[in-house]
Amino acid sequence: MKKKYLSFILPSTLSFLLTGIYSIVDGIFVGRAMGDVGLAAINIAWPLVALIIALGTGIGMGASVMVSLNRGIGDERTADKMEGNAFFLLLTGSVILTAILFFAGSSLLKLLGAEGEVSEYALTYLRAILCGGIVQTLASGTVPLMRNRGASFYSMCSMACGCILNIILDYYLILVLQMGLTGAAMATVIGQCVTLIFSIVFYIRKKNRISLKNMKPDPRAVSSILKVAASPFGLTYLPSVTIIFMNLQCLKYGGEEAVSAYAVLAYLVSFMELLVQGISDGAQPLLSLNKGKGDEKSLKAYTRMTFFLGIFLGILSGTLVYLLRYQIPVFYGTSHRAADIIAHSAPAFSLVMALYGLTKPSVSYFYATKSLVKSSFLVYGEVVLTVIAIFTLPMFLGLNGVWYTMPFVQIILSLFCIIFICSKGKRS
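Procedures and definitions
- Residues numbered from 1 in each chain as written.
- Predicted model: local features only at pLDDT ≥ 70, side-chain atom pairs only at ≥ 80, totals over all residues.
- Heavy atoms only, no water.
- Helix = DSSP H or I, 4+ residues; strand = E, 2+ residues; numbered from the N terminus.
- Rg over C-alpha atoms; globule rule 2.2 N^0.38 Å.
- Contact = heavy atoms within 4.5 Å.
- Areas by Shrake-Rupley, 256 points an atom, 1.4 Å probe, with all protein chains shown as cover.
- Lys, Arg positive; Asp, Glu negative; His and termini not counted.
- Charge placed at Lys NZ, Arg CZ, Asp CG, Glu CD.
- Salt bridge = Lys/Arg side-chain N within 4 Å of Asp/Glu carboxyl O.
- Buried < 20%, exposed > 50% of the residue type's maximum accessible area, 1.4 Å probe, protein only.
- Phe/Tyr/Trp six-rings, centres within 6.5 Å; stacked < 30°, edge-to-face > 60°.
- Lys NZ or Arg CZ within 6 Å of the ring centre and 35° of its normal.
- Expected span 1.5 Å × (residues − 1).
- Bend = angle between axes of the 7 residues up to and from the residue.
- Axes fitted to C-alpha atoms, helices over the stretch in contact; angles between N-to-C directions.
- Parallel < 35°, antiparallel > 145°, perpendicular 65-115°, else oblique.
- Nonpolar A, V, L, I, M, F, W, Y, C, P; charged D, E, K, R; others polar.
- Left-handed = near helix turned anticlockwise from the far one by under 90°.
- Polar contact = N/O pair within 3.5 Å; in protein donor to acceptor, adjacent residues only side chain to side chain.
- Patch = residues over 30% accessible without salt bridge, like charges linked within 9 Å, V, L, I, M, F, W, Y side chains within 5 Å.

**Let's talk about the overall build of the protein**
Of the regular secondary structure elements, the protein holds 13 helices and zero strands. In terms of overall size, the protein behaves like a compact globule, its C-alpha atoms giving a radius of gyration of 21 Å where 428 residues would be expected to give roughly 22 Å. In the protein, 83% of the contacts between residues at least 6 apart in sequence involve partners at least 24 apart. Accessible surface for the protein amounts to roughly 17,500 Å². Of this, 70% is attributable to carbon and sulfur atoms. Charge centroids of the protein, computed over 33 positive and 19 negative side chains, lie 15 Å from each other.

**Quick look at the pattern of salt bridges**
Across all of its chains, the model carries seven salt bridges by this definition. The shortest N-O distance in the salt bridge between arginine 71 and glutamate 76 comes to 3.2 Å. The exposure class of glutamate 76 is partly exposed, given its relative accessible area of 40%. Salt-bridge contacts for arginine 71 lead to aspartate 80; the nearest nitrogen and oxygen are separated by 3.4 Å.

**Let's talk about the side chain of asparagine 70**
Mapped onto the secondary structure, asparagine 70 falls in helix α1 (residues 2-72). Assessed through its relative accessible area of 10%, asparagine 70 is described here as buried. What asparagine 70 contacts, discounting residues up to four positions off in sequence, is Asp75, Thr78, Ala79 and Met82.

**What about the packing of aromatic side chains?**
Per the stated rule, a full pass over the model turns up 15 aromatic pairs. Centre to centre, the rings of phenylalanine 245 and phenylalanine 391 are 5.7 Å apart; their planes meet at 80°, and the pair counts as edge-to-face. Residue phenylalanine 245 is found in helix α8 (residues 219-293), and its partner phenylalanine 391 is found in helix α12 (residues 372-397); the two are separated by 146 residues along the sequence. Using a relative accessible area of 36% as the deciding quantity, one classes phenylalanine 391 as partly exposed. Put simply, the rings of Phe307, Tyr365, Phe366, Phe377, Phe416 and Phe420 pair up and form one aromatic cluster. Seen from the ring of tyrosine 322, arginine 325 lies directly overhead, with NZ or CZ sitting 4.1 Å from the centre.

**Focus on helix α5 (residues 152-176)**
Over its 25 residues, α5 extends 35 Å from the first C-alpha to the last, a length consistent with the 36 Å expected when each residue adds 1.5 Å. Two residues or fewer after α5 comes glutamine 178, characterised by a positive phi angle close to 55°.

**Thoughts on α12**
In a regular helix each residue adds 1.5 Å, so 26 residues correspond to 38 Å; α12 covers 36 Å between its end C-alpha atoms and thus fits that length. Where α12 bends most, the angle comes to about 25°, and this point is alanine 389. Where α12 is concerned, the buried positions are Leu372, Lys374, Ser375, Leu378, Val379, Glu382, Thr386, Ala389, Ile390 and Pro394. Looking at the residues trailing α12, positive phi occurs at glycine 398, about 65°.

**Let's talk about the packing of α8 against helix α9 (residues 296-323)**
Contact pair α8 / α9: the axes reach a minimum separation of 9 Å and the direction vectors enclose 175°. The orientation of α8 relative to α9 falls into the category roughly antiparallel. On α9, the residues that touch Leu268, Met272, Leu275, Val276, Ile279, Ser280, Ala283, Leu286, Leu287, Asn290 and Lys291 of α8 are Glu296, Ser298, Leu299, Tyr302, Thr303, Thr306, Leu309, Gly310, Leu313, Gly314, Ser317 and Val321. Looking at the contact of α8 with α9 residue by residue, the class counts come to 13 nonpolar, eight polar and two charged.

**So, the packing of helix α3 (residues 116-130) against helix α6 (residues 180-204)**
Close contact between α3 and α6 brings their axes to 8 Å; oriented N to C, the two are set at 25°. What the angle tells us is that α3 and α6 run roughly parallel. As for the relative orientation of α3 and α6, their crossing is right-handed in sense. Here Tyr121, Thr124, Tyr125, Ala128 and Ile129 of α3 come into contact with α6, specifically with Leu181, Thr182, Ala184, Ala185, Thr188 and Val189. Here the contact of α3 with α6 is built from residues that sort into eight nonpolar, three polar and no charged.

**With respect to the environment of leucine 286**
Following the sequence through the fold, leucine 286 ends up in helix α8. Taking relative accessible area as the criterion, leucine 286 reaches 1% and is therefore assigned buried. Each C-alpha atom, one on leucine 286 and one on leucine 413, is 25 Å from the other, the two residues being 127 residues apart in sequence. Setting aside residues no more than four positions away along its own chain, leucine 286 makes contact with Lys4, Tyr5, Phe8 and Tyr302.

**Some thoughts on the side chain of serine 68**
Mapped onto the elements of the fold, serine 68 is located in helix α1. A polar atom in the side chain of serine 68 sits 2.7 Å from the side chain of asparagine 148. In this view, serine 68 contacts Asn148, Gln284, Pro285, Ser288 and Leu289; residues no more than four positions away in its chain are not counted.

**Observations concerning unusual backbone geometry**
Backbone geometry at glutamine 178 places phi at a positive 55°, although glycine is not the residue there. Inspection of the secondary structure assignment puts glutamine 178 in the loop between α5 and α6.

**Remarks on a nonpolar patch on the surface**
A grouping of Phe308, Phe312, Leu316, Leu320, Tyr322, Leu323 and Leu324 is seen on the molecular surface, where their side chains present a nonpolar patch of about 710 Å² in accessible area. Note on phenylalanine 308: relative accessible area 59%, which makes it exposed.

Function cannot be read off these values alone, since they describe shape.
Below, the structure is given as C-alpha cells:
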C-alpha cells in the first residue's frame, strides 16, 4: 500500500517542488533586477494572474474527482463523459476569463492598490501573461487529469520541463537581456507551453484519446464538475485573495517597503503550499477511487499518510523560515527597511506555514471524498475570516495587525479541521 501511495505522491510532490523553486527564484531575479518596485508590482498583479491558473486547476481537479468516483463504482461511460466535459470547460472558461482580464485589467489593478510606477509595471506584467492565458489554463487543468489516469511520472515530467525552462529563461530574459517583468511573464508563458505540449502528446495517443462525443457539453456533467471544482479553485486562488487585502493594508500601514517585504514572505509561503498541494493532489486519485469503491480501510490508511506528510512538511518549512529570517532578504535584494520588516514578521509566517500542514490537506481530503460542504466551508470561510481580521486587527495593532492576520485565521481553521475530521471519523 505504501509503495502504491508513494508512486502517486512522489511524482506530484516533485512537480510542485520544482514549481515552488521556480516561484522563489523568479522573485529573486525580479528583486535583484528591479528592487522593491518590481517585487511590489508583481505581487499586486499576481491575484489577477492566479485566476488563470486557479481556473484550470479547479476544473482539472473537479473533473478528476468525478472521474475517479465513477470509475470506483464501475461506471466507465460517465467517467469518460466527465473527462471530456473537463476539456470543454477548460477551453471555454479560459477564453472568457482571458478576455475579461485583458479589457478590465487596468481598472482591476487600480482597485488592488496599484499606483504610479508600480501600476505601470504591474499592467505590463499582466498583459504579457495574458498573451498565453489560454495556454496556462489548459496546462494547469490537464496535469491533474493525466495524473488521474495513472500517468503520475509523465505529468511530473510535463511540469518539471516547463519549470526548468522557466527558470533558465527567467535568468536570461530578466538579468541578461534586462527585460524586467515582461521577461518574467514571457518565461512563464513559454514554460506553460512546454507543459501543454506534453499534455497534447499524451491525449493524442490512441489509448488516451477522448471522443468528440464526450466533449459535447452535458449539463449534468458540467454541473457535477463545477460543484467539486469550487473547492480546489478556492484552495488554489485563496492565497491570492489574501495577497489582495494584505497588499492594500501593507500599503496603508507600511508603504511600498512593507508590500515588498510581504512579497518575499508570500513567495516562501507559496512554496510550502505547493509542496503540500503536491502531496494532496497526488493522493486525490487514490482517495476518490477508494471512496467510490467503499473501501474504508484503504481510504483511512491513505488519509493518515497524507496528513502525516503535510503536517511534517508544515513544521519543517516554518522552522526553516524562522531560522533563516535574517538571511532571506539578502537573496531577494530588498531594501534595508524591507529586510527589517521581513525579520520582524517571519515568526508569524512560520506559524502559518506550520498550520498549513493541517488545513490544506484537510480541504483536499474533503473534496476528494466529495464532502463538499466541509471543503467549501473551510475554503470560503477562510476568505471571510481573512477579510474580517485584515481590516480589524491593524486598527488596534498597526502593521503588526497585518502580520498577525494569517496566523489568527489559520488557528481558527485548524480547530474546525480537527472538529470535522473527528466527527467524520466517528460516523465511519
